[in-house]
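Topology and contacts: notes
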Amino acid sequence: PVEVSSKKPVSFLRKVVQAKKQIRRDPRFDDLSGEYKPEVFEQTYKFLDVIKKQEKEMVQKKLKKVRDPDLKDKLEQLAQRMDQQEAAAQKRQRQRERELEFKKQQRELAQQGKKPFYLKRGDLRKLELAEKYQELKKRGKLENFLSKKRKRNSHKDRRKLPTGSGATK
């Protein structure tokens, strides 16, 4: 017969032709895809910013027209998320520009024969905080921000203080 019976066990010496197994690659973790460089990525997919802006305008227009409270709530959340994503992208861009500026200064100093100086993470954080304060001052929101910060810190301090009940008798 053309078909081999399935009742009998396969002989030990039988040759079986293996089908070629398809190898799947994940480009995020594969060396063949190259190295991830945020600057190149931003430059390559810059056209998406235009599309995102158009989508944001479309959501704003729909938000003005819609009457249904559930749909309006969803659209408001979507608009807020888009704003947050845009703000985060701008923050990353400023951070990248700051790093590039610092590297450029270091290269210039190295060319002059000076030893390179690398910022510690804490010093970098202090510089970012100073820049944030400058930005808030420029927009006139520094006092409001500082008062909120003082309030938060006072609440934290109050929680850490021991309470008068049952401490010592």
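For clarity, every value in this text was computed on a predicted model and none was experimentally measured.

1. Description of the overall build of the protein chain
Per the secondary structure count, the protein chain includes five helices and zero strands. Reading the protein chain from its N end, one meets helices and strands in the order α-α-α-α-α. Taking 15 Å as the expected radius of gyration for a compact globule of 169 residues, we find that the protein chain reaches 30 Å, considerably beyond that expectation. Summarising its shape, the C-alpha atoms of the protein chain cover approximately 90 × 65 × 60 Å along the three principal directions.

2. Remarks on the layout of surface pockets
In this model, the largest pocket occupies a volume close to 770 Å³. Considering the residues around the largest pocket, the lining is formed by 23 residues, among which Glu42, Asp49, Lys52, Glu86 and Ala89 are closest to the centre. Every element with two or more residues in the lining of the largest pocket is listed here: helix H1 (38–44), helix H2 (47–65) and helix H3 (69–111). Counting residues per element, the lining of the largest pocket draws most heavily on H3, which supplies nine residues. The volume enclosed by the second largest pocket comes to roughly 470 Å³.

3. A few points about the packing of aromatic side chains
The tally for this structure, following the rule as stated, stands at four aromatic pairs. An angle of 45 degrees between the planes, with centres 6.2 Å apart, marks the rings of Tyr45 and Phe47 as tilted. Three or more aromatic residues joined by ring pairs make a cluster, and in this case those are Tyr36, Phe41, Tyr45 and Phe47.

4. Looking at a negative patch on the surface
Taken together, the side chains of Asp68, Asp70, Asp73 and Glu76 define an acidic patch exposed on the protein surface. Among the residues examined, Asp70 registers a relative accessible area of 57% and is labelled exposed.

5. Some points on the packing of H2 against H3
At a minimum axis separation of 10 Å, H2 and H3 run at an interaxial angle of 150 degrees. Between H2 and H3, the crossing angle belongs to the class labelled roughly antiparallel. For the pair H2 and H3, the sense of crossing is left-handed. For the pair formed by H2 and H3, the contact residues are Glu55, Lys56, Val59, Gln60, Lys62 and Leu63 on the first element and Lys72, Leu75, Glu76, Leu78, Ala79, Met82, Asp83 and Glu86 on the second. Its residues assigned to classes, the contact of H2 with H3 shows six nonpolar, one polar and seven charged.

6. Some details on the side chain of Gln106
Within the secondary structure, Gln106 is located in helix H3. If sequence neighbours within four positions are ignored, Gln106 has contacts with Pro116 and Phe117.

7. Concerning a nonpolar patch on the surface
A cluster of nonpolar side chains, namely Tyr36, Phe41, Tyr45, Phe47, Leu48 and Ile51, defines an oily patch on the protein surface of about 610 Å² accessible area. Tracing the backbone through its elements, the reader meets Ile51 in helix H2.

8. A word on the pattern of salt bridges
Evaluation of the coordinates by the stated rule reveals nine salt bridges. Several salt bridges share partner residues, and in doing so they unite Lys56, Asp83 and Glu86 into one network.

Cut-offs used in this document
Residues numbered from 1 in each chain as written. Predicted model: local features only at pLDDT ≥ 70, side-chain atom pairs only at ≥ 80, totals over all residues. Heavy atoms only, no water. Helix = DSSP H or I, 4+ residues; strand = E, 2+ residues; numbered from the N terminus. Rg over C-alpha atoms; globule rule 2.2 N^0.38 Å. 1 Å grid on protein atoms, 1.4 Å probe; cavity = no way out; pocket = protein on both sides within 12 Å on 5 of 7 lines; lining within 4 Å. Points joined across faces, edges and corners; volume = space filled by probe spheres on them. Phe/Tyr/Trp six-rings, centres within 6.5 Å; stacked < 30°, edge-to-face > 60°. Patch = residues over 30% accessible without salt bridge, like charges linked within 9 Å, V, L, I, M, F, W, Y side chains within 5 Å. Areas by Shrake-Rupley, 256 points an atom, 1.4 Å probe, with all protein chains shown as cover. Salt bridge = Lys/Arg side-chain N within 4 Å of Asp/Glu carboxyl O. Lys, Arg positive; Asp, Glu negative; His and termini not counted. Charge placed at Lys NZ, Arg CZ, Asp CG, Glu CD. Buried < 20%, exposed > 50% of the residue type's maximum accessible area, 1.4 Å probe, protein only. Axes fitted to C-alpha atoms, helices over the stretch in contact; angles between N-to-C directions. Parallel < 35°, antiparallel > 145°, perpendicular 65-115°, else oblique. Left-handed = near helix turned anticlockwise from the far one by under 90°. Contact = heavy atoms within 4.5 Å. Nonpolar A, V, L, I, M, F, W, Y, C, P; charged D, E, K, R; others polar.

The values reported here are purely geometric and, on their own, carry no functional implication.
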